[in-house]
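# Structural overview for review
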Amino acid sequence: MVFEKANENLYLLIDESYYDTISCAIVLPSRLIMVDSGIHVPNMKKFRKHVEGETGKKFDTLILTHHHSDHVMGNQVFSDCTIIATKTVAQKLKNWKKDMTPEKLVRRKETLTDKSAFDGLEITIPTETFDDYMEIVDEDIKLVIKRTGGHTKGSTSVYCPKYRFLIAGDNLLSNFPPYGADPSSNPDVWINTLKEYLTLDVEKFIPGHGEVSTDKLVKYMIEVIEKIRDFIKKGVLTGKTKEDIVKEGYDKNFYPIDEDDSFEAHAMRYTLSNWYKFWGGKKT
Ligand SMILES: [Zn+2]
C-alpha cells in the first residue's frame, strides 16, 4: 500500500494488492471527500486515519465512481458518512450485496496478493443517489460529479476546476488495457467521454488503476479503443465470427499485454468478445 500526495489537496491510496487500485481523498476548505473505497478494508482504515490526522479535517462524504468490487470494498470505513453513487451504481451494489455468498468472497480473495484485504468486511451500500450530475461546493471550491458511462453504465468522474484534477475511475487505466468486459460497457460512449475530458482544464488525471497521469494517457486510451473499434467494425462487415475477432484482435496487440498475467490476457479477450457483440457481431 502506498500513500501518495498528488498535490496539497489530493491524497491517494494506491493499493498493490490488486492492480494498484487508486482511491482518492479530496481536501476541501472545511471537510474531506473520499472518492472510491478500494479493495482492502484494513488499508482503507489506515488511509482514513492518516489523512484525517494530517489535515485535521473530517470525512463526511464518499463518492463511488462505479460498482466494481475493487472500488467499493472499503465502503464500511465511511459508514458514518454520506455514501453517494448514481442510481445505476446503487442498484448494482444492492443486488451485489443481496447475492453475495461466503464462497464468492473466498473466490474474490484468491485474486488478491494480500489475503487480509477482507478482514472484518461488512458489505456497505450507498445511502444517497443521483441521476447524472451533481455538484459539491465548499467555500470557493467546486466538485463536478458527472455520470458519463463508458467502462460501465454508471461510470462517474469527479472534476475539480480549481485544483485542476479529474478522478476518472476505470474510464482511465494506466497499467491495464481498456476493460470492456462489463455487460454495460459502451465503447462509443467511452471514446466520447475521454474526448470530453480533453476539453477540461485538467493538470492531473487520476485513473482507477496505476499512477497519476496527464492528458497523454487520455489520448493513448482514445487511440487504443478507436483501433479496437475500427478492427471490430471492419470484421463485422466482412462477416468474421466472434472467435476470429477474439483471436486476430488479441494477436494484433492493440495494447501490450503482459502474457504472464492470465487475468490481463483474459480481460483483453473478453473485451474483444463483448465489443464484437456491441458493434453488431453475429450472436453465434
Ligand atoms: Zn477497477
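Described in the following lines is the structure provided in the data block. Since the structure is predicted, the reported quantities are computational estimates derived from the model, not experimental observations.

Reading guide: rules and limits
- Residues numbered from 1 in each chain as written.
- Predicted model: local features only at pLDDT ≥ 70, side-chain atom pairs only at ≥ 80, totals over all residues.
- Heavy atoms only, no water.
- Phe/Tyr/Trp six-rings, centres within 6.5 Å; stacked < 30°, edge-to-face > 60°.
- Helix = DSSP H or I, 4+ residues; strand = E, 2+ residues; numbered from the N terminus.
- Buried < 20%, exposed > 50% of the residue type's maximum accessible area, 1.4 Å probe, protein only.
- Lys NZ or Arg CZ within 6 Å of the ring centre and 35° of its normal.

## Points about the packing of aromatic side chains
For the structure shown, the criterion picks out 15 aromatic pairs. Taking the centre distance of 5.1 Å and the plane angle of 75° together, the rings of Tyr19 and Phe176 count as edge-to-face. Taken as a pair, Tyr19 in the loop between β2 (10-15) and β3 (21-27) and Phe176 in the loop between β11 (165-173) and α4 (187-198) lie far apart in primary sequence, 157 residues in all. Measuring from ring centre to ring centre gives 6.2 Å for Tyr220 and Tyr255, while their planes differ by 45°; the resulting arrangement is tilted. Of this pair, Tyr220 sits in helix α5 (residues 215-237) while Tyr255 sits in the loop between α6 (242-251) and α7 (262-278); the two residues are 35 residues apart in sequence, bridging distant segments of the chain. Residue Tyr255 is classed as buried on the basis of its relative accessible area of 10%. Members of the aromatic cluster, connected to one another through ring pairs, are Tyr18, Tyr19, Phe176, Tyr179 and Phe263. One residue, Arg108, lies across the ring of Tyr18, its end atom 4.5 Å from the ring centre. In this structure, Arg269 is placed above the aromatic ring of Tyr250, and the distance from its NZ or CZ to the ring centre is 4.0 Å.

## Side note on unusual backbone geometry
The phi torsion of most residues other than glycine is negative, and most of the peptide bonds are trans. One non-glycine residue, Asp20, lies in positive phi territory at about 50°. Tracing the backbone shows Asp20 in the loop between β2 and β3. Overall, the relative accessible area of 28% leaves Asp20 in the partly exposed class. A positive phi angle, near 50°, is found at Glu139, a position not held by glycine. The exposure class of Glu139 is exposed, given its relative accessible area of 61%.

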